[in-house]
Amino acid sequence: RCGRRTDGVVARARRERKSMTAPRTVRIVRILATGIAVLFGVVTLFAGGRVLLGSDPGYEVFRPLLVYNTAMGVAYLAAGIAIWRSVNAGRYAAGVIFLLNLLVLVGIVVLYRSGGAVAVDSLRAMTLRTVVWLVLFIAASWLGRSRTAA
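(A) Representation of the side chain of Thr70. Assignment of secondary structure puts Thr70 in helix α2 (residues 63-85). Residue classification places Thr70 among the buried residues on the basis of a relative accessible area of 12%.

Here it is in structure tokens:
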């Protein structure tokens, strides 16, 4: 008899400890996802804006890609805010951004391989953007499945 009570108390303590950790983990992931998205947006707007205003990045610039990336800086900021305010809206925004970046990446890879005016640095940067937004989409999806994030 006494062993059953002890087992029940231990099991209850484990559940309580787990439920206290879960909201904290969810909050940390949400803060990180929001911060990364917003920071990425600010950096993208700053870097793209500088080049649009005449700063030389040190490599050949494919202007349509520059305009796309600079405009997406605004979308990155909006997605970061969306992740903070509504996980579902943030997940949707991160997914759309990931897919758009993936399409653009495929397009510039094809252009690069056919001898187009796309710098290797642009391919690397677009690959980074695409991977970052895939990770943010995965994080927002995880947050959406979490009971405490909704």
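Read on, since the account is not over.
(B) Expanded view of α2. The end-to-end C-alpha distance of α2 is 34 Å, a good match for the 33 Å that 23 residues give at a rise of 1.5 Å each. Within the span of α2, buried status applies to Leu65, Leu66, Tyr68, Asn69, Thr70, Met72, Gly73, Tyr76, Ala79, Gly80, Ala82 and Ile83.

(C) Representation of the packing of α2 against helix α4 (residues 120-145) in the model. Relative to each other, α2 and α4 sit at 20°, their axes nearing to 13 Å. In terms of orientation, α2 and α4 fall into the roughly parallel class. Where α2 crosses over α4, the handedness of that crossing is left-handed. Contact residues: Leu65, Tyr68, Asn69, Tyr76 and Ala79 in α2; Ser122, Met126, Arg129 and Trp133 in α4. Its residues assigned to classes, the contact of α2 with α4 shows six nonpolar, two polar and one charged.

(D) Inspection of the layout of surface pockets at higher detail. As a volume, the largest pocket reaches approximately 450 Å³. Surrounding the largest pocket, 21 residues form its lining, Ala47, Gly48, Tyr59, Ala125 and Arg129 being those nearest its centre. Among the secondary structure elements, those contributing two or more residues to the lining of the largest pocket are α1 (2-52), α2 and α4. Considering each element in turn, the lining of the largest pocket owes the most residues, seven residues, to α1. Class assignment of the residues belonging to the lining of the largest pocket gives a composition of twelve nonpolar, five polar and four charged.

Conventions and cut-offs
- Residues numbered from 1 in each chain as written.
- Predicted model: local features only at pLDDT ≥ 70, side-chain atom pairs only at ≥ 80, totals over all residues.
- Heavy atoms only, no water.
- Helix = DSSP H or I, 4+ residues; strand = E, 2+ residues; numbered from the N terminus.
- Buried < 20%, exposed > 50% of the residue type's maximum accessible area, 1.4 Å probe, protein only.
- Expected span 1.5 Å × (residues − 1).
- Axes fitted to C-alpha atoms, helices over the stretch in contact; angles between N-to-C directions.
- Parallel < 35°, antiparallel > 145°, perpendicular 65-115°, else oblique.
- Left-handed = near helix turned anticlockwise from the far one by under 90°.
- Contact = heavy atoms within 4.5 Å.
- Nonpolar A, V, L, I, M, F, W, Y, C, P; charged D, E, K, R; others polar.
- 1 Å grid on protein atoms, 1.4 Å probe; cavity = no way out; pocket = protein on both sides within 12 Å on 5 of 7 lines; lining within 4 Å.
- Points joined across faces, edges and corners; volume = space filled by probe spheres on them.

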